[in-house]
Amino acid sequence: RRPLSVWRYREILPVQGEPVSLQEGGTPLYHLEKIGKELGLPELYAKHEGMNPTGSFKDRGMTVGVSMARQLGMTSVACASTGNTSASLAAYAAKASIPCVVLLPAGKVALGKVAQALMHGARVISIRGNFDRALEMVHELCISHGLYLLNSVNPYRLEGQKTIGFEAIDQLGDVPDRIVLPVGNAGNISAVYKGLRELEALGFIDRLPMMTGIQAAGSQPVVKAIEQNLDELVPEPAPETVATAIRIGAPVNAEKALVAIRATGGTAAAVTDDEILRMQQDLARMEGIGVEPASAASVAGIRKLAEQGLIDKDERIVCVVTGHLLKDPETVVRQCEPPIEIDADLHSLLSVLR
Ligand SMILES: Cc1ncc(COP(=O)(O)O)c(/C=C/C(=O)C(=O)O)c1O
């Protein structure tokens, strides 16, 4: 019996030979008992992708993407990132001894993610523009200077991320009725859908979950395309949200995400920053699950849809929570009461605890 991990599913992944691996995947599937009870959803689960080696689901895509870079003889790799992609690429490139360049939107990347990209030895460039501009620039850089681009336009990234759905089914022992993901560049929802289609084609499953994408109210081009039944996405020129990981106005995988949602009878919904931050706190204080803001969006989306009466009570739902709480400590400190500082004596302690 193979352990739960990305490479448990090696036959359905493109890498030949030994992968560049940091033992990614095999993340916990938590039953959200209290939040589920509050929403009247007894079968509500969260798959905690923050428990990956660099603290986000990106590791699943990077183990395949960087393995392919090595297999193809690439001499340098690059990405633009809202943070987690750069943290993950930096770590896997270090493991593979391949030089790495990352472009970040200046001032809009959570502290933990910048720390990871720096410590893992990437060339970290902050640009005075948003993620979408950074992606345009890194694309030009790769074409003109022969670096290997590892954003989710690279299909090998999506191959690794398929395994989220595979593991969830193995852990649940059945196909969930709904899989909910936060949507930024829309690679993850597209990857999970592709993997489920492959399981169906191979005869392992005979039905697909409703693919449900959640975006921030200030950055919701996919939600608008679904609501207005558009075939083409209208990019959001000035995306804004506290959930900086999904602060993306022109998702490169939008068309794939629209297919994933429409072909499975899924849906898309937007949540406000307040709803995101409230769910981040509820997950931490009710379920003991620590996630970064963008990750809480998936569960916040289910809360909103359930309150609108759009979720059947007996649905088995897997919310993908995509990144660890530690990624964005500054947003946490801004939301919480600061620690109480006292003199180092018992009297002072008892007086504040009363
Ligand atoms: C925590 C977290 N949650 C959700 C998403 C959205 O996934 P996609 O819809 O596949 O983009 C991201 C994406 C991050 C980047 O795009 C990047 O790191 O450059 C994330 O970090």
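Anything mentioned here points back to the structure above.
Participant: Got a minute to help me understand empty space enclosed by the protein in this structure?
Facilitator: Empty pockets left among the atoms are what a rolling probe the size of a water molecule brings to light. Counted by the stated rule, this structure contains one cavity of 30 Å³ or more. Here the largest cavity defines a volume of roughly 330 Å³. What lines the largest cavity is a set of 28 residues, among which Phe-57, Lys-58, Asn-185, Ala-245 and Ile-246 lie closest to the centre. If you list the elements that add at least two residues to the lining of the largest cavity, you get α3 (84-96), α6 (155-161), α8 (187-201) and α12 (293-307). With three residues, the single largest contributor to the lining of the largest cavity is α8. Classifying every residue of the lining of the largest cavity by side-chain character gives ten nonpolar, 15 polar and three charged.

Participant: In this structure, what is going on with the layout of surface pockets? I would like to understand it.
Facilitator: A volume near 280 Å³ is recorded for the largest pocket. Taken together, Arg-2, Arg-8, Tyr-9, Glu-11, Ile-12, Phe-166, Ile-169, Asp-170, Leu-199, Leu-202, Phe-204 and Ile-205 make up the full set of residues lining the largest pocket. For the lining of the largest pocket, the element with the most residues is helix α7 (residues 163-172), which contributes three residues. Split into classes, the residues belonging to the lining of the largest pocket amount to eight nonpolar, no polar and four charged. In this structure, the second largest pocket is lined by Asp-274, Leu-277, Arg-278, Gln-280, Gln-281, Ala-284, Arg-285, Leu-325, Val-332, Gln-335 and Cys-336. Contributions of two or more residues to the lining of the second largest pocket are made by α11 (273-286) and α13 (329-335). The greatest single-element share of the lining of the second largest pocket, amounting to seven residues, is contributed by α11. The class makeup of the residues in the lining of the second largest pocket is five nonpolar, three polar and three charged.

Reading guide: rules and limits
- Residues numbered from 1 in each chain as written.
- Predicted model: local features only at pLDDT ≥ 70, side-chain atom pairs only at ≥ 80, totals over all residues.
- Heavy atoms only, no water.
- 1 Å grid on protein atoms, 1.4 Å probe; cavity = no way out; pocket = protein on both sides within 12 Å on 5 of 7 lines; lining within 4 Å.
- Points joined across faces, edges and corners; volume = space filled by probe spheres on them.
- Helix = DSSP H or I, 4+ residues; strand = E, 2+ residues; numbered from the N terminus.
- Nonpolar A, V, L, I, M, F, W, Y, C, P; charged D, E, K, R; others polar.

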